[in-house]
Amino acid sequence: MRAQVSRARRTVPPQTREREAAALAAHLAGIAVAGATVCAYVPVGSEPGSLAMLDELLARGARVLLPVARHDEAGAPTPLRWGVYRPGLLVDAQFGLREPAPPWLPAAAVADAAVVLVPALAVDRCGVRLGRGAGFYDRSLRRADPAALLVAVVRDEEFVERVPAEGHDVPMTHALTPGCGLVALRESE
């Protein structure tokens, strides 16, 4: 499923990606609250979203934290650390990512977030999210506030009926798509 979605994303024309990114940014009005902390991400390659989404969150008065992905000495992914987003000050990082420069906040900073925007390849109506498979987010989201919105950001076609679930998956509470906006997800049956 990962390979199929990744292939499909690569075929999306740039103008469609731009239109979808603008729609996602417009939907943030119902998500970002002034003074709240929002954990977000900088899209890589064909991932949905844009820097404009991050700027929109700032314009709405949110504090925006971005992930910092690292491995431990044994090569295993560690829970994400977080850096404060400041426009124009992102640096190149591992895995082709862009991230805030140090200093970084500890992994526990995700507990301050009212909303966590999570990159996904797909999400189903029960909240099962298909990520890239490294496990950075599943290790990190366990530390989130239980009241936080965990929002999988996907294209409309990637909001599906079923995604294969694994025991370590942290369920999403919502999906955000360009066409549907913010959609509450039901718990697994």
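Residues numbered from 1 in each chain as written. Predicted model: local features only at pLDDT ≥ 70, side-chain atom pairs only at ≥ 80, totals over all residues. Heavy atoms only, no water.

The name recorded for the chain in an unreviewed UniProt entry is 5-formyltetrahydrofolate cyclo-ligase, from Mycolicibacterium doricum. A UniProt comment under Cofactor (unreviewed entry) is attached to the chain, and it reads "Mg(2+)". (UniProt positions renumbered as here; feature names shortened; annotations may be inferred.)

Peer 1: Help me understand the sheet that holds strand β1 (residues 37-39), please; the structure alone is not making it clear to me.
Peer 2: Hydrogen bonding along the main chain pairs the strands of a sheet, whether they run parallel or antiparallel. On the basis of which strands lie adjacent, the open sheet formed by seven strands has the order β3-β2-β1-β6-β9-β11-β12 and mixed pairing. At either end of the open sheet lies a strand with only one pairing partner, and these are β3 (81-84) and β12 (181-184). For this sheet the average axis-to-axis angle between neighbouring strands, irrespective of direction, equals 30°. In this structure, β1 lies alongside strand β2 (residues 63-68), joined through three bridges in parallel fashion. In the sheet register, V38 faces β2, and the bridge partner there is V64. Sheet strands in contact with helix α2 (residues 14-27) are β9 (149-153), β11 (174-177) and β12, and its direction is about 135° off that of β11. Those strands touched by helix α3 (residues 51-59) are β1, β2 and β6 (113-119), and its axis lies near 145° from that of β2. (Pairing = 2+ DSSP bridges. Helix = DSSP H or I, 4+ residues; strand = E, 2+ residues; numbered from the N terminus. Axes fitted to C-alpha atoms, helices over the stretch in contact; angles between N-to-C directions. Contact = heavy atoms within 4.5 Å.)

Peer 1: How should I be thinking about the UniProt feature "binding site: ATP" (unreviewed entry) in the chain in this particular structure?
Peer 2: When the UniProt feature table is mapped onto this chain, "binding site: ATP" (unreviewed entry) is found at R129, L130, G131, R132, G133, A134, G135, F136 and Y137. For R132, the location among the structural elements is in the loop between β8 (129-130) and α4 (136-141). Not counting chain neighbours up to four residues away, the residues in contact with R132 comprise R2, V44, E47 and L121. Along the polypeptide, F136 turns up in helix α4.

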